[in-house]
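Topology and contacts: notes
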Amino acid sequence: MIRKLWFKIQLYRREIFLGLFLIPALIPMVVFQLYPALKAVWFSMTNIAIMGPHAVDWSFIGLKNFGYLPRDPYFPHSAKLTGYYCAASLVLRFILGFIAALFVTSSRSKWRIGLTLLFLIPYIIPGSIKPVLYLSLMDVHSGLYNRVLRALHLPPQSWTYERLTESLISLNVWAGYAFAMIILISALLSIPKEYYEIADIYGASRWTKFFRITLPLIKFPIILCLIMIFKEDIDDFTYAYVLGGGGGGDQPINFKTDILAVYAYYKAFQYGELGIGCAIGLIVGIIVFILTLAQLRMGGV
Amino acid sequence: MLKKIGEPSFKFIKYITLLWFIIYIISPLPWLFTNAFAVRGASYVKIPEEITLDNFYRIFRAMSPRSEVGLMHGERVHKWIMNSLILALVAMGVVLLLGSPAGYALSRLRFRGKDLLMTAILLIGFMPMTAKMLPLYKICLDMGIVNNLVGTGIVIGSGALPFQIWLLKAFFDYIPDELEEQAELFGCNRLETLFRVVLPSSGVGLMASAFLTFLSGWGNFTTSLILLRSERVYTLPLGIVSVATEIYGGGESSINIDLAYLSALGIVFIIPPLLVYLLFRRALIGIKLGRIAMRY
Amino acid sequence: MAIRFENVTKRFGNVVAVDNVNLEINEGEFMVLLGPSGCGKTTTLRLIAGLERVTEGKIFLGDELLDDGGIRYVPPKNRNVSMVFQSYALFPHLNVFENIAFPARVNRRPRREIKKRVHELAGMLGIEKLLRRKPDELSGGEAQRVALARALMLKPRVLLLDEPLANLDAKLRVSTRADLKRLHKEEFKCTTVYVTHDQVEALSMADRIALMREGRILQVGTGDELCEKPKNTFVASFLGSPPMNMIDCTFDELNRKLDLGPFAIEVPKSWIEPLKGHRELIFGIRPGSITVPQEEGGIGFEVYVVEPLVEETILTLKREDVMIKTIVPPDHRFRMGETVQVGFNLDKAHIFDRNTGEAIL
């Protein structure tokens with residue numbers, strides 16, 4: 001009996017050895033990534049808090065938090081803002097990314113790499129610098145934008161106040177169009193050029209080629225791209241947080257920039273209501289999860 | 001070629017659009033650079049008349065952005081840099097020490113649930129920060145990891161692990177089994193095979209992975225914001241943002257801005273990753289992976 | 001020291017790669033495992049190397065039992081066999097010298113000995129000038145020699161080669177074939193097992209050939225034996241280019257004739273006994289055993305296709321629904337559509353049973 005077991009172990013020695021390689025990596029992933037996500041479900045159904053009585057003495061309250069949210073003074077606004085932000089970002093990031101991708105793929109090979117790197121610059125700069133940079137650009141008196149506008153005799157705008165939301169979107173688009181560009185470049189390059197050559201033989205025009213050949217063939221990558229952009233945007237935190245003034249102040253909320261993720265953060269750390277914050281986070285989480293399933297179904301990664 | 005070259009009018013439109021595009025992309029950047037070297041209080045669009053390293057001096061000499069009153073951020077800057085470095089290195093270590101064996105194992109193992117496992121790992125990587133961040137805080141609070149740099153580094157590393165494992169697996173997939181079989185035939189035991197054959201061949205991939213993780217640790221904002229709440233453990237991104245919001249936080253009216261200081265900070269932020277990249281590049285060029293014995 | 005396979009079977013899940021194989025390879029012999037893709041020849045090679053374990057059966061190296069499908073298993077590094085893969089598997093991070101030296105370094109041989117042996121091998125294979133290069137700077141032929149040198153570093157008992165010529169272009173293949181054979185006879189002197197699907201390689205290099213199909217060995221023997229005394233239709237048609245002509249026929253015992261459809265052949269006396277009782281047969285004759293033009297008593301065929309090659313001309317001849325190929329010297333000229341008289345050399349003919357494929361004559 002034992003001999004048989006010993007033999008089995010010998011036979012699978014290699015597999016056991018490799019398995020041991022795998023386990024240590026799984027531990028931190030489960031503990032710090034998977035577990036918090038699962039806990040979010042639990043916490044969102046409690047009244048746990050960061051400070052105050054509920055920090056120690058909290059209890060399960062079911063779906064009360066979710067029922068509360070629509071009545072919360074700022075949640076509906078934050079949700080609407082997020083919708084506006086995501087929609088605008090999605091469209092603009094995608095279109096700009098597409099244009100950039102078209103620029104790259106229609107250039108000669110030797111320019112392509114340089115051009116791609118150039119287009120990638122806003123994406124590659126560290127994420128925390130970008131909103132800071134934008135803050136300095138947007139400053140009403142000394143920022144670049146208004147100075148250029150004044151030089152052109154156009155009215156300076158209140159980027160940091162009136163048009164803060166648009167600024168946020170603009171930042172996100174500037175920083176993130178390259179993401180779409182990369183996906184689209186590889187999608188465009190995967191179309192065999194023979195298709196276009198045949199179309200040329202039949203005298204097809206530029207637009208015909210684009211709408212009849214290019215677009216249909218990259219339908220899937222486009223959908224994947226849109227899903228992934230949306231997933232990123234709905235989860236955005238850094239830009240909104242920084243542009244909104246970064247956690248200070250006595251304002252209950254920055255109306256122009258507090259998208260869901262930031263609002264959840266405030267709910268937890270400013271108001272101390274961890275449970276409600278988790279509930280908001282869970283809503284976002286579920287949306288992203290569903291989108292991810294759809295994305296995986298489409299065979300993309 | 002996607003579009004027919006020719007038709008001069010189209011080409012013209014195309015190049016004009018390209019030009020505007022490029023201007024759009026890089027316009028913010030010179031702003032950063034020119035101002036970093038400018039005199040305090042000024043902000044330049046063109047190359048400034050007076051170039052000075054005064055700002056960097058002030059940063060490292062622990063002076064604050066406001067001349068008199070104001071939070072003493074200045075003295076913290078080198079600490080911020082140290083902290084960011086610790087974070088980035090710990091995250092990199094986590095990925096290299098834990099992620100590469102995992103990537104290797106996933107590349108070489110064959111079992112029925114493998115695809116499922118790979119997908120599960122990917123799903124873990126896709127979990128949105130919004131959902132994770134608050135429970136993560138509570139969990140770390142209970143574990144006593146809050147305000148702990150090494151702990152936060154591990155958390156960041158674990159966040160990078162899913163994608164890095166996929167990346168590393170792909171790298172290891174590229175190394176054919178036959179190399180290891182040859183080594184086995186020549187008398188290597190498993191450890192020898194790993195260190196003599198597998199590791200050297202995968203050097204490029206490992207370095208790429210290490211660099212990417214270092215970058216993500218160096219520039220990490222959200223996780224550090226959640227887990228590093230005390231100013232003494234602030235990292236560079238957190239520090240820069242705190243300075244920036246202090247300067248610009250006044251909404252409409254902000255006179256007396258020390259843009260120069262801020263820009264200098266920005267430069268300080270970007271330099272180390274660039275240095276690391278250059279270092280890696282020299283090493284990368286040294287190792288030519290080439291065609292691994294596939295002669296066709 | 002010989003290699004012996006005793007009833008060896010190897011299964012991968014439900015797939016039987018090697019099916020009850022019995023094989024004996026002699027010491028110092030150049031044995032070729034020949035067969036179409038997927039016939040199990042590479043798996044057999046890997047079983048000898050120890051990279052796979054047998055499912056059933058035993059493998060012996062000399063007197064030593066290497067693998068018995070159970071407890072007993074000698075891992076590859078203790079077998080002192082060397083293998084060259086089709087892709088050569090050169091270590092990309094080492095230069096040529098280090099690649100060749102690798103086996104010795106792993107076994108902690110003294111530096112001086114390593115250096116001497118590497119230079120010795122490099123000289124033998126003509127690659128001294130390449131010692132400082134990296135694998136990605138080598139051509140196909142050079143890489144192959146490096147792989148060979150590396151395999152010979154520790155003077156293995158057995159050398160295993162898995163389609164080493166497959167990645168070379170046609171001309172290089174021809175010259176390397178000859179080089180390999182000479183090297184084996186004069187320098188290596190170790191038992192060599194060579195896997196290929198190319199019958200020309202097999203015939204030109206092998207001492208003996210084992211023809212495999214679907215995991216089984218169909219016939220083992222010298223090239224001559226396989227060509228002249230094939231045991232079944234598969235063996236007969238695998239060797240030879242153009243392959244042996246196979247014509248369905250029936251045996252007319254009464255009239256002592258072989259009815260091939262459009263014509264009949266008179267059966268020599270010696271054939272009658274063995275053919276008794278059989279009816280449905282296949283008449284096999286190699287292109288080289290067909291005489292064109294036959295002076296007298298020939299059978300009329302139409303010249304259907306003429307393929308003029310360098311060393312010979314291949315004629316495809318047709319008579320009603322029977323098509324055969326024959327080769328003629330290059331200076332003999334034939335035109336398409338012409339009728340020629342064809343003769344069959346019955347001494348070199350073969351008869352196979354149509355149902356089993358087994359050879360009768």
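Residues numbered from 1 in each chain as written. Chains lettered and ligands numbered in written order. Predicted model: local features only at pLDDT ≥ 70, side-chain atom pairs only at ≥ 80, totals over all residues.

1. Describing the overall build of chain A
Per the secondary structure count, chain A includes 15 helices and 0 strands. Across its three principal axes, chain A shows a C-alpha extent of roughly 70 × 70 × 30 Å. Residue burial in chain A is summarised as follows: out of 301 residues, 39% are buried. Look at the contacts in chain A between residues 6 or more apart in sequence, and 67% of them connect residues 24 or more apart. (Helix = DSSP H or I, 4+ residues; strand = E, 2+ residues; numbered from the N terminus. Buried ≥ 20, exposed ≤ 12 C-beta atoms within 10 Å, placed from the backbone. Contact = placed C-beta atoms within 7 Å.)

2. Some words on the pairing of strand β19 (residues 339–344) of chain C
All names here are of chain C. Pairing analysis gives 2 bridges linking strand β15 (residues 290–291) to β19, with the strands arranged antiparallel. Looking at the pairing, Thr291 lines up with Gly343 of β19. In terms of strand pairing, strand β16 (residues 299–308) meets β19 through 4 bridges, oriented antiparallel. Note that in β19 the partner of Gly300 across the bridge is Gln341. (Pairing = 2+ DSSP bridges.)

3. A look at helix α6 (residues 109–124) of chain A
Taking 1.5 Å of rise per residue, 16 residues should cover 22 Å, and α6 of chain A covers 22 Å from first to last C-alpha, within 8% of that figure. Bending of α6 of chain A peaks at approximately 30° at the position of Leu118 of chain A, with proline Pro122 of chain A no more than four residues after it. (Expected span 1.5 Å × (residues − 1). Bend = angle between axes of the 7 residues up to and from the residue.)

4. A closer look at helix α15 (residues 274–297) of chain A
For α15 of chain A, which comprises 24 residues, the first-to-last C-alpha distance of 34 Å matches the rise-based estimate of 34 Å (1.5 Å per residue) to within 8%. With its phi angle positive at about 85°, Gly299 of chain A sits one or two positions after the end of α15 of chain A.

5. Description of the pairing of strand β11 (residues 245–252) of chain C
All names here are of chain C. With 6 bridges connecting them, β11 and strand β14 (residues 280–285) associate as antiparallel partners. Of the residues in β14, the one forming a bridge with Met246 is Gly284. In terms of strand pairing, β11 meets strand β12 (residues 257–259) through 3 bridges, oriented antiparallel. Across the sheet, the residue bridging to Asp252 is Lys257, located in β12.

6. Describing the sheet that holds strand β20 (residues 350–353) of chain C
Residue and element names in this part refer to chain C. If you trace the 5 strands from one edge of the open sheet to the other, you get β13-β12-β11-β14-β20, paired in antiparallel fashion. Because the sheet does not close on itself, it has two edges, and the strands there are β13 (264–266) and β20. When strand polarity is set aside, the average angle formed by the axes of neighbouring strands in this sheet is 35°. Here β12 runs beside β13; their pairing, made up of 3 bridges, is antiparallel. In the strand pairing of β13, Lys257 is matched with Glu266. (Axes fitted to C-alpha atoms, helices over the stretch in contact; angles between N-to-C directions.)

7. Some thoughts on the sheet that holds strand β2 (residues 15–25) of chain C
All names here are of chain C. Within the open sheet, the 4 strands sit side by side as β2-β1-β4-β5. Their pairing is antiparallel. Every interior strand has two partners, whereas the edge strands, β2 and β5 (64–67), have only one. Strand-to-strand twist in this sheet, taken as the mean axis angle between neighbours without regard to direction, amounts to 30°.

8. Focus: the nonpolar core
Core analysis: the biggest nonpolar cluster contains 241 residues, and Ile48, Ala149 and Leu160 of chain C have the highest contact counts within it. Setting aside its immediate chain neighbours within four residues, Ile48 of chain C contacts Ile3, Ile59, Val81, Val158, Leu160 and Val193 of chain C. (Core = buried A, V, L, I, M, F, W, Y, C linked by C-beta atoms within 7 Å.)

9. Points about the packing of helix α14 (residues 260–269) of chain A against α15 of chain A
Residues and elements named next belong to chain A. Look at α14 against α15: their axes get within 7 Å of each other, and the N-to-C directions meet at 165°. It follows from the interaxial angle that α14 and α15 lie roughly antiparallel. In the packing of α14 onto α15, the handedness of the crossing is left-handed. Across from Leu260, Ala261, Tyr263, Ala264, Tyr265, Lys267 and Ala268 in α14, the residues of α15 making contact are Leu274, Ile276, Gly277, Ile280, Gly281 and Val284. (Parallel < 35°, antiparallel > 145°, perpendicular 65-115°, else oblique. Left-handed = near helix turned anticlockwise from the far one by under 90°.)

10. Focus: the domain arrangement of chain C
Residues and elements named next belong to chain C. Per the domain assignment, the segments of chain C are domain 1 (3–237) and domain 2 (243–353). One C-alpha centre belongs to domain 1, the other to domain 2; they are set 39 Å apart. Facing the 5 residues of domain 1 at the interface are 7 residues of domain 2. Within the side of domain 1 that touches domain 2, the residues separate by chemical class into 2 nonpolar, 3 polar and no charged. (Domains from an automatic or database assignment. Nonpolar A, V, L, I, M, F, W, Y, C, P; charged D, E, K, R; others polar.)

11. Structural notes on the interface of chain B and chain A
The partner chain A presents 69 residues to the 70 residues of chain B that form the contact. The greatest single-element share of the side of chain B that touches chain A, amounting to 10 residues, is contributed by helix α6 (residues 129–143) of chain B. By residue class, the composition of the side of chain B that touches chain A is 48 nonpolar, 15 polar and 7 charged.

12. A short note on the confidence of the model for chain A
Atomic detail in the predicted coordinates should be set aside for any region of low pLDDT. With 96% of its residues at a pLDDT of 70 or more, chain A shows a mean pLDDT of 85. Of all helices and strands in chain A, the one with the weakest mean pLDDT is helix α3 (residues 53–56) of chain A (74), whereas helix α12 (residues 219–234) of chain A scores best (92). (pLDDT = per-residue confidence, 0-100.)

13. Some details on the confidence of the model for chain C
Summarising the model, chain C shows a mean pLDDT of 89, and 100% of its residues fall at 70 or more. What the predictor reports for the complex is a pTM of 0.83 with an ipTM of 0.85.

14. With respect to the environment of Leu106 of chain B
Along the polypeptide, Leu106 of chain B turns up in helix α4 (residues 77–108). If we ignore the near neighbours within four places in the chain, the residues touching Leu106 of chain B are Leu22 of chain A together with Met118, Ile165 and Lys169 of chain B.

15. Some words on unusual backbone geometry
Residue and element names in this part refer to chain C. Omega for the peptide link from Ser241 to Pro242 comes to 0°, which places this bond in the cis form. Of note, Pro242 is situated in the loop between α8 (233–238) and β11. Following Val292, the chain continues into Pro293 via a peptide bond in cis, with omega recorded as -5°. Assignment of secondary structure puts Pro293 in the loop between β15 and β16. Of note, the phi angle at Tyr88 is positive, near 70°, even though the residue is not glycine. By the element assignment, Tyr88 lies in the loop between β6 (81–84) and α2 (96–106).

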